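What follows is each chain in one-letter form.
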Amino acid sequence: MANRKEKTFRFIIVGGGIAGVTCVEQLSSQIPSADVALITASPHIKTVTNYRQVSKTLEEFDVEEQPSSVLEEKFPNLTVIHSAVKSLHTRSHSLETTDGRVFGYEKLCICGGGRPKLLTQENPYVLGIRDTDSAQELQKRLSKAKRIVVVGNGGIALELVYEVEGCEVIWAVKDKAIGNTFFDAGAAQFLIPSLETNKPEKDTPCKRPRYTTEEPAPGGSHTFTADRNARRQGSSSTEAGSALGPDWHEGIVLQGSEQGTRRVSLEYQCEVEKIFTSEELLNSPPQTLGHENGSWPVYIKLTNGKTFGCDFVVSATGVVPNTEPFLHGNNFALADDGGLQVDDHMMTSEPDVYAAGDVCTACWEHSPMWQQMRLWTQARQMGWYAGRCMAAQVLSEPIELDFCFELFSHITKFFNYKVVLLGKFNGQGLGSDHELLVRCTKGLEYVKVVLSGGRMVGAVLIGETDLEETFENLILNEMDLTPYGEELLNPNIDIEDYFD
Ligand SMILES: Cc1cc2nc3c(=O)[nH]c(=O)nc-3n(C[C@H](O)[C@H](O)[C@H](O)COP(=O)(O)OP(=O)(O)OC[C@H]3O[C@@H](n4cnc5c(N)ncnc54)[C@H](O)[C@@H]3O)c2cc1C
Ligand SMILES: NC(=O)C1=CN([C@@H]2O[C@H](COP(=O)(O)OP(=O)(O)OC[C@H]3O[C@@H](n4cnc5c(N)ncnc54)[C@H](O)[C@@H]3O)[C@@H](O)[C@H]2O)C=CC1
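In the annotation of an unreviewed UniProt entry, the entry for the chain reads Pyridine nucleotide-disulfide oxidoreductase domain-containing protein 1, and the organism field reads Pagothenia borchgrevinki. Check the Cofactor (unreviewed entry) section of the UniProt entry for the chain; it says "FAD". Database annotation for the chain, UniProt heading Sequence similarities (unreviewed entry): "Belongs to the class-I pyridine nucleotide-disulfide oxidoreductase family. PYROXD1 subfamily."

Next comes the structure, spelled out in structure tokens:
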């Protein structure tokens, strides 16, 4: 490295997202005298506000973008450096930023997050959503759009198709049902009617003790139209805010160029074959257009043979960990998903280098009820735990894997329903060695329990079920539930009293 070290810090944290900021807060509170630097490429930092511990492992909070001065005022020994890390030299314990400065560290934590895994990087009509800038770009482009195509079947796609109004949405999913990263086909069936209306239909609970689903035919498609006014009546009013947080879409207007109805057409079990610009289309065989006219700026051909013209394509196809600047010349072990492998102390394979949040992959032997998903909650937990591990090492204190990694838990909202996911909520990794109990009341709630060897190992709770705490306890206690059988989901029994 040509440049000399400007300063050596005891701790450097890279990344001003939830993981990095939480790590800084934890370290600075535990060792207030330590010199800490936060190096971040973004002008603002993300902080957790209104934190609420809902149960033993479930937590809820808001995410706010704030100026970094807020953090520096709180922690006098903290220096925030607004620049991107260009390269890391683990042997000399130093890193270089894009403005040519070199900083030394004793301990480093990489919290560089992830970036959208786009269908293609080169096409200006293909958008990804990650931060405030990309969300604002989406809002701007949407305001002039008549039709968009959303590709992907995870969190962003689920939120987007529900929120967009005044613009036709073609939603292309690889799977047989919607929301494959969070739900199975049964939950998807429960949610689908919300695309047409938001009015809850009042039915009596219908208990479905064994699980059945009706799947769309391969390559099938469905169109859902919602009346905007009806939807507004059904939804509670929300304050608009500027921060990109768990309710990021509530701070921006996702309104297309037309007024009135929401219209979502679902294309199941298909992938993207090709994306054409209108110029490229001129040079393709005439049948490529199908029923489309040639006046859209971009066209997308799906593997089910259909071609759609649209104003732009949203690629909601997952994230890739932001590892590039840190790899060259170093010897990091990478996981299959491209994340920096970390052990049960959030340490990477390089000495004195830790990692947390979306950039890392948890490679310790997981508790049987936990799995990594790239979520705000896990970014906060990992950042917090990484800070504790770094402090413990410096202070020569023992530390054990935190309790939050015992049980996977996530609380969120999809299609205006509260959604709680616990443990192996989709029977992940259990093969055929599990059974499901399901209770479903159309428009009101969907409760699914995953049982293995008579014990509850996971649950999906959609709607105001109020079952999260009881089910969390049943999973953590590993209680044999065989004697209760299907009574477990009997809506006429107060399950809390049952287990007191
Ligand atoms: C639209 C959207 C909605 C979401 N909704 C939810 C939700 O409802 N619930 C939920 O739990 N999760 C949600 N997520 C996931 C959640 O945002 C992420 O899991 C979480 O933000 C990851 O935090 P992080 O700190 O690891 O990374 P990030 O928030 O990505 O932060 C990374 C930071 O590192 C900085 N950085 C990157 N490279 C460098 C470098 N070379 N040098 C210096 N700085 C660098 C960046 O500028 C940034 O400040 C959503 C994600 C998106 C995109
Ligand atoms: N409420 C919540 O909890 C939310 C969480 N998030 C998180 O933000 C991150 C980004 O969200 P998403 O981009 O939705 O990622 P995701 O990981 O949730 O979903 C990606 C989806 O894209 C599909 N996919 C991948 N490659 C594809 C391809 N080539 N063609 C078609 N489909 C493809 C996958 O099958 C999957 O359905 C994720 O970590 C997600 O968990 C995002 C929004 C809301």
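Chemist: Would you mind going over the overall build of the chain with me for this structure?
Modeler: The helix and strand tally for the chain stands at 11 helices and 28 strands. Residue burial in the chain is summarised as follows: out of 500 residues, 52% are buried. When contacts within the chain are restricted to residue pairs at least 6 apart in sequence, long-range pairs at least 24 apart make up 66% of them. Accessible surface for the chain amounts to roughly 22100 Å². Of this, 47% is attributable to carbon and sulfur atoms.

Chemist: I tried to follow the site of ligand 1 on my own but got confused; where do I start?
Modeler: The immediate surroundings of ligand 1 are formed by 33 residues, with Ser42, Val85, Arg130, Asp358 and Trp376 found nearest. Within the backbone of Ala41, one N or O atom sits 3.0 Å away from a nitrogen atom of ligand 1. Note that a nitrogen atom of ligand 1 is positioned 2.8 Å from one of the backbone N or O atoms of Val85. Out of a free accessible area of 1000 Å², ligand 1 has 89% covered by protein chains. By residue number, the principal contributor to the shell around ligand 1 is helix H9 (residues 376-394), which donates three residues. For the shell around ligand 1, the class distribution of residues is 16 nonpolar, 13 polar and four charged.

Chemist: Explain the site of ligand 2 here, please?
Modeler: In the region of ligand 2, 22 residues are neighbours, and Ile156, Asn180, Arg374, His410 and Thr412 sit closest. Between an oxygen atom of ligand 2 and a main-chain N or O atom of Ile156, the distance comes to 2.9 Å. Backbone polar atom of Arg374 to an oxygen atom of ligand 2: 2.6 Å apart, as the coordinates give it. Of all elements in the fold, only helix H4 (155-163) and strand S24 (409-414) reach the threshold of two or more residues within the shell around ligand 2. Tallied by class, the residues present in the shell around ligand 2 amount to eight nonpolar, 10 polar and four charged.

Chemist: Explain the packing of helix H1 (residues 18-30) against H9 to me, please; I cannot follow it from the model alone.
Modeler: Packed helices, taken two at a time, are described by the angle their axes make and the gap between the axes. Two elements in contact, H1 and H9, have axes separated by 7 Å at closest approach and are oriented at 35°. Remark: the crossing between H1 and H9 carries right-handed chirality. Touching Ile18, Ala19, Thr22, Cys23, Gln26, Leu27 and Gln30 of H1 are Trp376, Ala379, Arg380, Gly383, Trp384, Ala386, Gly387, Arg388, Met390 and Ala391, all from H9. Partitioned by chemical class, the residues of the contact of H1 with H9 number 10 nonpolar, five polar and two charged.

Chemist: Which parts of the structure should I look at to understand unusual backbone geometry?
Modeler: Peptide bonds are mostly trans, and most non-glycine residues show a negative phi. Of note, the phi angle at Asn50 is positive, near 50°, even though the residue is not glycine. In this structure, His93 is a non-glycine residue whose phi angle is positive, near 50°. With respect to the secondary-structure elements, His93 resides in the loop between strand S6 (85-89) and strand S7 (94-97). For His93, a relative accessible area of 19% gives the class buried.

Chemist: In this structure, what is going on with the sheet that holds strand S17 (residues 298-302)? I would like to understand it.
Modeler: Sheets are built from strands that pair by backbone hydrogen bonding, the pairs being arranged parallel or antiparallel. Pairing within the open sheet is antiparallel, and its three strands lie in the order S16-S17-S18. With one partner strand each, in any of the chains shown, strand S16 (272-277) and strand S18 (307-310) form the two edges of the open sheet. On average, each strand axis in the sheet is inclined to that of its neighbour by 20°, with strand direction left out of account. As paired elements, S16 and S17 share five bridges and run antiparallel to each other. Note that in S17 the partner of Phe276 across the bridge is Tyr299.

Chemist: How should the pairing of S6 be read in this particular structure?
Modeler: It is a general feature of regular strands that their side chains alternate between the two faces of the sheet. For S6 and S7, the ladder comprises four bridges, and the chain directions are antiparallel. Looking at S7, one finds that Ser87 is bridged to Glu96. Counted along the chain from S6 to the antiparallel partner S7, the turn is four residues long, and its residue His93 has a positive phi close to 50°.

Chemist: Sorry if this is basic, but what is going on with the environment of Glu400 here?
Modeler: Checked against the element boundaries, Glu400 lands in the loop between H9 and S24. Classification of Glu400 by relative accessible area gives exposed; the value is 66%. Separated by 91 residues in sequence, Glu400 and Gly309 place their C-alpha atoms 54 Å apart.

Chemist: Sorry if this is basic, but what is going on with the UniProt feature "domain: FAD/NAD(P)-binding" (unreviewed entry) in the chain here?
Modeler: UniProt records the feature "domain: FAD/NAD(P)-binding" (unreviewed entry) at residues 10-165 and 300-383, using the numbering of this structure. Along residues 300-383 one finds 14% helix and 27% strand; the C-alpha atoms at either end are 39 Å apart.

Chemist: What's the story with the pairing of S24 in this structure? I'm lost.
Modeler: Among the six residues in S24, five count as buried, and that is most of the element. One ladder, built from six bridges, connects S24 with strand S25 (residues 417-423); its direction is antiparallel. Across the sheet, residue His410 finds its bridge partner in S25, namely Leu421. The antiparallel hairpin formed by S24 and S25 contains two residues in its connecting segment, where Phe415 sits at a positive phi of about 55°.

Chemist: Mind showing me how you'd approach the packing of aromatic side chains here?
Modeler: Aromatic rings considered in pairs are described by the distance between their centres and by the relative angle of their planes. If you walk through the whole model with that rule in mind, you get 13 aromatic pairs. Measuring from ring centre to ring centre gives 5.1 Å for Tyr162 and Phe415, while their planes differ by 15°; the resulting arrangement is stacked. Here Tyr162, found in helix H4, pairs with Phe415, found in the loop between S24 and S25; they are 253 residues apart in sequence, far enough to count as distant. Pair check on accessibility: Tyr162 and Phe415 agree, each one buried. Ring plane angle 20° and centroid distance 5.5 Å describe the contact between Trp364 and Trp370, whose orientation is recorded as stacked. Taken individually, Trp364 and Trp370 each receive the classification buried, so the pair is uniform in this respect. Among the aromatic residues, ring-to-ring pairing joins Trp364, Trp370, Tyr385 and Phe405 into one connected group.

Analysis parameters
Residues numbered from 1 in each chain as written. Chains lettered and ligands numbered in written order. Predicted model: local features only at pLDDT ≥ 70, side-chain atom pairs only at ≥ 80, totals over all residues. Heavy atoms only, no water. UniProt positions renumbered as here; feature names shortened; annotations may be inferred. Helix = DSSP H or I, 4+ residues; strand = E, 2+ residues; numbered from the N terminus. Buried < 20%, exposed > 50% of the residue type's maximum accessible area, 1.4 Å probe, protein only. Contact = heavy atoms within 4.5 Å. Areas by Shrake-Rupley, 256 points an atom, 1.4 Å probe, with all protein chains shown as cover. Near = heavy atom within 4 Å. Polar contact = N/O pair within 3.5 Å; in protein donor to acceptor, adjacent residues only side chain to side chain. Nonpolar A, V, L, I, M, F, W, Y, C, P; charged D, E, K, R; others polar. Axes fitted to C-alpha atoms, helices over the stretch in contact; angles between N-to-C directions. Left-handed = near helix turned anticlockwise from the far one by under 90°. Pairing = 2+ DSSP bridges. Phe/Tyr/Trp six-rings, centres within 6.5 Å; stacked < 30°, edge-to-face > 60°.

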